[in-house]
Amino acid sequence: VIAHRGVHIGIPENSMPAFQKAIDLGCDFIEIDTQMSKDGRIVSVHDSTIDKYVVGKTGRIKDFTLAELKQLDIGEKTGPNWKNTRIPTIEEILQLCRGQIGIYLDLKEPLVPELLEIINKYDMQRDIVWYIPASHIDVIKQLKALCYKCVPMPNPGEGSNITKVVKQIHPRVLATDMGNLNSDFVKTAHSNNSKVFVDEKKGTIKEWEQIIEWGTDGIQTDNPEALIDFLKNGK
């Protein structure tokens, strides 16, 4: 169970409370998005701008220093209970998650050396899967060259590309979406010793049943609580 942007139903997405809730529920991974500030600090925000998250302010993440980003309230829009929720740094996220939950890292910008410098300090190379489209083979090769312990998770696109991707990268996990997932995709991945993590599309029980029937290993969901309930109780 992969909590997309943390557990964000009624909680600000990509926030420390959303990640803590995922740990409390017993999710296997949180999905985070990484962006770099003006002064070179890495934070978790999905969009490249703050426009969607902050009342009365706009602008690009990369045009704010970390100190300026930390002054922004990303909770106010969600509700009064979340007022004064702040944008988290990658360091804060790793400190929270270490030994508690895995991290599904959606690499929004090619920040491989910068992220590795921080991840190595926390010795969390094996706790993180790196989502990188297989078309960005140069970024995947850079990650593998700099960190043999790290786990790149390429998205091969169509299932017919899996064998080619596997020969180049030998991934332990492949990422995909419902447009490309089917039983043959999963069989081909498994025969090449790769697990499959899929992004749900509808997030319905019917869809989850199909995903599981095909033998998929992980589901990235916007409703982790309901998915965990379904996996435990079948409803």
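Here we summarise the structure given alongside this text. Quick caveat: nothing in here was measured; it's all calculated off a predicted structure.

1. Some thoughts on unusual backbone geometry
Consideration 1: The backbone phi angle of R5 is positive, close to 60°, even though this residue is not glycine.
Consideration 2: Inspection of the secondary structure puts R5 in the loop between β1 (2-4) and α1 (16-25).
Consideration 3: A relative accessible area of 13% means that R5 is categorised as buried.
Consideration 4: The phi torsion at N193 lies on the positive side, around 60°, for a residue other than glycine.
Consideration 5: Inspection of the secondary structure puts N193 in the loop between α7 (183-191) and β8 (195-199).
Consideration 6: The class of N193 is exposed, set by a relative accessible area of 69%.

2. Details of the pattern of salt bridges
Consideration 1: Under the criterion given, the structure shown has nine salt bridges.
Consideration 2: The partner of D33 in a salt bridge is K108, with the nearest N and O atoms 3.7 Å apart. A residue pair is termed long-range when its members are at least 10 positions apart, and D33 in strand β2 (residues 29-36) and K108 in the loop between β4 (102-106) and α4 (112-121) qualify at 75 residues.
Consideration 3: Looking at D33, the relative accessible area reads 0%, which means it is buried.
Consideration 4: Where E76 meets K83, a salt bridge forms, and the shortest distance between an N and an O atom there is 3.9 Å.
Consideration 5: A single network of salt bridges, built from pairs that share partners, joins R5, E13 and K52.

3. Some details on the packing of aromatic side chains
Consideration 1: In total, this model carries three aromatic pairs according to the counting rule given.
Consideration 2: With a centroid separation of 5.5 Å and an interplanar angle of 65°, the aromatic rings of F29 and F197 are classed as edge-to-face. Residue F29 is found in strand β2, and its partner F197 is found in strand β8; the two are separated by 168 residues along the sequence. Take F29 and F197: they sit in the same class, and that class is buried.
Consideration 3: Measuring from ring centre to ring centre gives 6.2 Å for Y104 and Y131, while their planes differ by 15°; the resulting arrangement is stacked.

4. Thoughts on helix α6 (residues 162-169)
Consideration 1: Considered for burial, the residues of α6 that qualify are I162, V165, V166 and I169. Taken down its axis, α6 places every buried residue within 100° of arc, on the same side. Seen from the buried face of α6, the exposed residues on the opposite side, beyond 90 degrees, are K164 and K167.
Consideration 2: Positive backbone phi, at 50°, marks H170, one or two positions downstream of α6.

5. Description of the nonpolar core
Consideration 1: Among the nonpolar cores identified, the biggest contains 55 residues, and I30, L94, I103, L115 and W130 are the most heavily contacted of them.
Consideration 2: Residues contacting I30, with those up to four places away along its chain left out, are A3, F19, A22, I93, C97, I101, G102, I103 and Y104.

6. What to know about the pairing of β8
Along any regular strand the residues' side chains alternate between the sheet's two faces.
Consideration 1: Where strand β7 (residues 173-177) meets β8, five bridges bridge the pair, whose relative direction is parallel. Bridge pairing in β8 places D177 opposite D199.
Consideration 2: Between the parallel pair β7 and β8, the chain is carried across by α7, and the sense of this crossover is right-handed.
Consideration 3: Relative to strand β9 (residues 218-221), β8 runs parallel, the two being bridged by three bridges. For F197, the partnering residue across the bridge sits in β9 and is G218.

7. A short note on helix α3 (residues 90-97)
Consideration 1: Most of α3 sits inside the fold, with six of its eight residues counted as buried.
Consideration 2: Turning to α3, its buried residues number three or more, namely I90, E91, I93, L94, L96 and C97.
Consideration 3: As for α3, its buried residues are in contact with α1, β2, β3 (42-44), β4, α4 and β5 (128-133).
Consideration 4: Positive phi shows up at G99, right after α3, with a value of about 75°.

Rules used in this analysis
- Residues numbered from 1 in each chain as written.
- Predicted model: local features only at pLDDT ≥ 70, side-chain atom pairs only at ≥ 80, totals over all residues.
- Heavy atoms only, no water.
- Helix = DSSP H or I, 4+ residues; strand = E, 2+ residues; numbered from the N terminus.
- Buried < 20%, exposed > 50% of the residue type's maximum accessible area, 1.4 Å probe, protein only.
- Salt bridge = Lys/Arg side-chain N within 4 Å of Asp/Glu carboxyl O.
- Phe/Tyr/Trp six-rings, centres within 6.5 Å; stacked < 30°, edge-to-face > 60°.
- Arc of directions from axis to C-beta.
- Core = buried A, V, L, I, M, F, W, Y, C linked by side-chain atoms within 4.5 Å.
- Contact = heavy atoms within 4.5 Å.
- Pairing = 2+ DSSP bridges.
- Right-handed = clockwise from strand over helix to strand, strands pointing away.

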